[in-house]
Amino acid sequence: MTMINRREFTFLVGGLGLAGLSPALFRSAAIAQGSAKVVIVGGGAGGATVARIVKAQAPQLDVTIVETQPIYTTCFNSNHYFGGFRTFASLQHTYEGLRKLGIKVVTDTAFDVDAVKKIVALAGGTTLAYDRLVLSPGIAFKWEAIEGYSPRAAEVMPHAWKAGEQTLLLMRQLEAMDDGGVVVMAVPDNPYRCPPGPYERACMIAHFLKTRKPKSKLVVLDAKRTFSKQGAFEEAFAKYYDGIIDLNLTNEIDDFRVVGVDPATMEVVTASGTRHKAAVANIIPPQKAGDIAHVAGCADGDWCPIDPASFASTEVADVYVLGDSAIANQMPKSAFSANSQGKAVAADILANLAGAERYPARYRNTCWSLLAADDSIKIGASYKPENKDGQAFLEASGGFVSQRSESAQVRKQNYEESLAWYHAIILDAFNDDTAMVHKG
Ligand SMILES: Cc1cc2nc3c(=O)[nH]c(=O)nc-3n(C[C@H](O)[C@H](O)[C@H](O)COP(=O)(O)OP(=O)(O)OC[C@H]3O[C@@H](n4cnc5c(N)ncnc54)[C@H](O)[C@@H]3O)c2cc1C
C-alpha cells in the first residue's frame, strides 16, 4: 500500500480553494448564521466535497446532501475494472463518513427547485428549505442525439458513463462474448464527462480482449478529429493493442459520429451511413448538465454558466453549480476538477454567510489514464479566474501532458500517483479512509 504524507495529500487533491480563509472566518460563518441551511443536491465528487468542508469548518451549519443512490460508485478508475486492475467493490463508497460529521444524507431525488421560496422538492414527497443551494448533479444524457438510443436501449447497449449497474452490465457482456466478437464503442464530440475517459476505456477493454479473448476486436467510432493525450494514447494502441483497437476518428471523408443504433440487430450507424454489427456495443452518448440544474433554471443551453471566482450560478441567486454540470471553460469535466471547485464553493459559502471577503479561488486538475499494467499517462493544469473586456473566465497555466516514449519508470510513477490520488479524493470528499491504495 502506498502511503501519502500531508504535503502530497494537499497536492493530490489540489487544496487551493480555501486559500485566503482563516479558521476565525469559518467560526464566524457558523456563529453569524447559527444553523443556516446548506442543501447540496448530488453527493458525488463535487457535492460531497462541499458538504464535507462546510460541515468540518462550521459544524453549527445545517448541511444536507440529497443523493439518489445510497452508495456512490466512482466513475473515476472504473475503467480499471474492465482491464482487471481493480475490483468493482473497490469503486463503491458509503456516506457513513459524512454522516459521522453530522451531515444529513437523504437518499432521495430532487425534482424541483423554487428559487423564490428557496425550497427543494424531493420525489419522496418532502421538501427542504435552504439558505444556500449547491447543485452538483453530474451529467444527463442527450438520448435524442442517437436515434434508437434510450434508457431502455442502454440495458442492451450500455453507456457505462454513470458508474454502477451500467459498469457491471458492460463487464458481464464482455465476459459472455464469444472469442472473435466485435466490441463497438461510440465516443461523443466535446464537451463531455472525462475527455480522456473513452481512450483509457479502449485500452482497458483491449487489455481484457488481449488476455481473455485474443481473436476479438474493438472498433472505436469517434465524433472527433483529435482527442486528449492523443500522442501517448496512439503509441499505446500500437505498442500494446496492435490489431485489437481499430480507432476511427472523424475526418474529411468519413464522419464517424454515431447517429443511430438498433438494439434488436445490435447495429451501430455512423453519420456517413456505415452500419457496424456489434457483439457488445458501448454507446457513450452526447451529454448535458444534470436534469435538476435545468429544472432549477441554472442552464443556458446544455450546461450551466457560473462565476469562475466562486462557481455561483450566474442565472439563479444563492445557488452554486459545480462539477460536470458547470461551464468551466478549459477546465475539463473531471472528479479532480469537481473536488477542486468544491473547495472554492465551500469557501465562498462560508465567507458569504459570515459577510466576509475572500481571495479569488485557485483551481487545479490532473487526469491520469491507465494504458496497460504499470503504464499510466497524465494531463493537467492550474486555473484562475480572470476578467477580460467584462467577460469572466478561467485561465489555464502550467499545463503538462505525457509524451510518447517516456520511460517505464515515469509511467509506473504516474500509476502510483493515480492510486494515491484516488485514496486522497475519497478521503477528502467522503471522509472515507477505506479506499485502499492497491489494485483490488
Ligand atoms: C469512465 C470514466 C472514467 C473517469 N475517470 C476519471 C479520472 O480518472 N479522473 C477524474 O478526475 N475524473 C474521471 N472521470 C470523471 C468524473 O467521474 C466526473 O467528472 C465527476 O464524477 C463529476 O463530479 P460531479 O459531482 O459533477 O458528478 P458525480 O460525481 O456524477 O455526482 C453526481 C451525483 O448526483 C446525483 N444526482 C444527480 N441528480 C440528482 C437529483 N436530482 N437528486 C439527487 N441526486 C442526484 C447522482 O446520483 C450522482 O451521485 C471519469 C468518468 C468516467 C465516465
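The residue numbers shown here count from 1 along each chain, following its written sequence. With pLDDT at 70 or above as the cut-off, local features in this predicted model cover only qualifying residues; side-chain atom pairs require 80 or more to be listed or tallied, and sums for whole chains, interfaces and linings still use all residues. Computation of side-chain values covers all heavy atoms of the structure but excludes hydrogens and water.

Caption draft 1: Quick peek at the overall build of the chain. Tallying secondary structure elements over the chain gives 11 helices and 24 strands in all. Atoms considered for the radius of gyration are the C-alpha atoms alone. The globule rule reads 2.2 Å times the number of residues to the power 0.38. In terms of overall dimensions, the chain is globule-like: its C-alpha atoms have a radius of gyration of 22 Å, near the 22 Å expected for 440 residues. Each principal axis of the C-alpha distribution contributes one length, and for the chain these read about 65 × 45 × 45 Å. Expressed as a percentage of the 440 residues in the chain, the buried residues total 57%. Two residues qualify as a contact provided that any one of their heavy atoms is within 4.5 Å of a heavy atom in the partner residue. Residue pairs in contact within the chain that sit at least 24 positions apart in sequence constitute 67% of those at least 6 positions apart. With the model as given, the accessible surface of the chain reaches about 17,700 Å², and the carbon-plus-sulfur share is 51%. Of the side chains in the chain, 44 bear a positive and 47 a negative charge, and the two mean positions are spaced by 5 Å. Secondary structure is summarised from DSSP: a helix means a run of H or I of at least four residues, a strand means a run of E of at least two, and numbering begins at the N terminus for each. Note on classification: 1.4 Å probe, protein chains only; a residue is buried when its accessible area is under 20% of the maximum for its type, exposed when over 50%, partly exposed between these limits. Per-residue and other accessible areas were derived by the Shrake-Rupley procedure at a 1.4 Å probe size, with only the shown protein chains allowed to occlude residues. Working convention for charge: Lys and Arg count positive, Asp and Glu count negative, and His plus the chain ends are omitted. To locate a charge, take NZ of a lysine, CZ of an arginine, CG of an aspartate or CD of a glutamate.

Caption draft 2: Quick look at the sheet that holds strand β6 (residues 110–114). Strand order in the open sheet formed by 3 strands is β6-β7-β8, and the pairing between neighbours is antiparallel. The open sheet has two edge strands with one neighbour each: β6 and β8 (127–129). Averaged over all pairs of adjacent strands, the angle between their axes in this sheet comes to 20°, without regard to strand direction. Strands are labelled as partners when DSSP assigns at least two bridges between them. Comment: axis = line fitted to C-alpha atoms, over the contacting stretch for helices; angle = value between 0 and 180 degrees taken between N-to-C directions.

Caption draft 3: Local environment of the side chain of Lys-333. Structurally, Lys-333 can be placed in the loop between β21 (319–321) and α10 (335–354). Although buried, Lys-333 forms no salt bridge, and the nearest oppositely charged side chain, Asp-324, lies 6.1 Å from it. Only 2.8 Å separates the side chain of Lys-333 from the backbone oxygen of Asp-324, close enough to count as a polar contact. In protein, a polar contact means a hydrogen-donor-capable atom and an acceptor-capable atom, both N or O and within 3.5 Å, with residues adjacent in sequence counting only if both atoms are side-chain atoms; elsewhere, any N or O pair within 3.5 Å suffices. A polar contact is formed between the side chain of Lys-333 and the backbone oxygen of Ala-326, at a distance of 3.0 Å. Once residues lying within four places of it in the same chain are set aside, the contact partners of Lys-333 are Pro-191, Tyr-192, Arg-193, Cys-194, Pro-195, Trp-303, Asp-324 and Ala-326. One side-chain nitrogen of Lys or Arg within 4 Å of one carboxyl oxygen of Asp or Glu is enough to make a salt bridge.

Caption draft 4: Highlighting the side chain of Thr-49. Checked against the element boundaries, Thr-49 lands in helix α3 (residues 45–57). By relative accessible area, which is 0% here, Thr-49 ends up buried. Engagement of the side chain of Thr-49 in a polar contact is seen with the backbone oxygen of Ala-45, the distance being 2.6 Å. Once residues lying within four places of it in the same chain are set aside, the contact partners of Thr-49 are Gly-44, Asn-339, Gly-342, Lys-343, Asp-428 and Ala-429.

Caption draft 5: Examining the packing of helix α6 (residues 165–176) against helix α7 (residues 197–212) more closely. At a minimum axis distance of 11 Å, the contact between α6 and α7 shows a crossing angle of 30°. In terms of axis orientation, α6 runs roughly parallel to α7. Both α6 and α7 take part in a crossing whose hand is right-handed. Contacts from Leu-170, Met-171, Leu-174 and Glu-175 of α6 reach α7 at Arg-201, Ile-205, Phe-208 and Arg-212. Angular relationships are summarised with four words: roughly parallel below 35 degrees, roughly antiparallel beyond 145, roughly perpendicular across 65 to 115, and oblique for the angles in between. For any helix crossing, the convention is left-handed if the near helix is rotated counterclockwise from the far helix by under a right angle, and right-handed if that rotation is clockwise.

Caption draft 6: Quick look at the pairing of strand β11 (residues 182–187). Along β11, 5 of the 6 residues are buried, which leaves the element largely enclosed by surrounding structure. In the sheet, β11 pairs with strand β12 (residues 217–222) via 6 bridges, with the strands oriented parallel. Among the inter-strand pairings, Ala-186 is bridged to a residue of β12, identified as Leu-221.

Caption draft 7: Here's a closer look at the site of the ligand. In the vicinity of the ligand there are 34 residues, among which Glu-67, Tyr-72, Ala-110, Arg-193 and Asp-324 approach most closely. Contact distances for the ligand include 3.4 Å between an oxygen atom and a backbone N or O atom of Lys-333. Contact with the protein chains removes 93% of the 990 Å² of surface that the ligand exposes when unbound. Residue assignment for the shell around the ligand shows that the elements contributing at least two residues are α3, β2 (62–67), α4 (78–83) and α10. The element best represented in the shell around the ligand is α10, accounting for 3 residues. Residues belonging to the shell around the ligand are distributed by class as follows: 16 nonpolar, 12 polar and 6 charged. Put simply, a residue is near a molecule or strand once any heavy atom of it comes within 4 Å of that molecule or strand. Residues are grouped as follows: nonpolar covers Ala, Val, Leu, Ile, Met, Phe, Trp, Tyr, Cys and Pro; charged covers Asp, Glu, Lys and Arg; every other residue, Gly included, is treated as polar.

Caption draft 8: Summary view of the environment of Asn-190. Within the secondary structure, Asn-190 sits in the loop between β11 and α7. With 34 residues separating them along the chain, Asn-190 and Lys-224 place their C-alpha atoms 7.8 Å apart.

Caption draft 9: Region of interest: the pattern of salt bridges. Enumeration according to the criterion identifies 20 salt bridges in this entry. Between Lys-384 and Glu-386 there is a salt bridge, with the nearest N and O atoms lying 3.1 Å from each other. For Lys-384, a relative accessible area of 31% gives the class partly exposed. Of the charged contacts in the structure, one is a salt bridge between Arg-411 and Glu-406, with a shortest N-O distance of 2.8 Å.

Caption draft 10: Geometry of unusual backbone geometry. For the bond running from Asn-190 to Pro-191, omega is -5°, close enough to zero to count as cis. Its location among the elements puts Pro-191 in the loop between β11 and α7. For Phe-311, which is not a glycine, the phi torsion comes out positive at approximately 65°. Along the polypeptide, Phe-311 turns up in the loop between β19 (306–307) and β20 (312–313). Even without a glycine there, the phi angle at Asn-431 is positive, about 50°. In this fold, Asn-431 is placed in the segment after α11 (408–430). We classify Asn-431 as partly exposed; its relative accessible area is 31%.

Caption draft 11: Just the packing of aromatic side chains, in detail. The aromatic pairing rule takes the rings of Phe, Tyr and Trp, using the six-membered ring of Trp, and pairs them if the centres are within 6.5 Å, calling planes under 30 degrees apart stacked, those over 60 edge-to-face and the rest tilted. If you walk through the whole model with that rule in mind, you get 18 aromatic pairs. Relative to Phe-76, the ring of Tyr-72 lies with its centre 6.5 Å away and its plane at 50°, an arrangement referred to as tilted. Arranged with centres 6.0 Å apart and planes meeting at 5°, the rings of Phe-336 and Trp-421 form a pair that is stacked. Of the two residues, Phe-336 sits in helix α10 while Trp-421 sits in helix α11, which places them 85 residues apart along the sequence. An identical accessibility class is assigned to Phe-336 and Trp-421; each is buried. Its guanidinium or amino end placed over the ring of Tyr-422, Arg-86 lies 4.2 Å from that ring's centre, counting from NZ or CZ. Criterion for a charge above a ring: Lys NZ or Arg CZ within 6 Å of the ring centre, and within 35 degrees of the ring normal.

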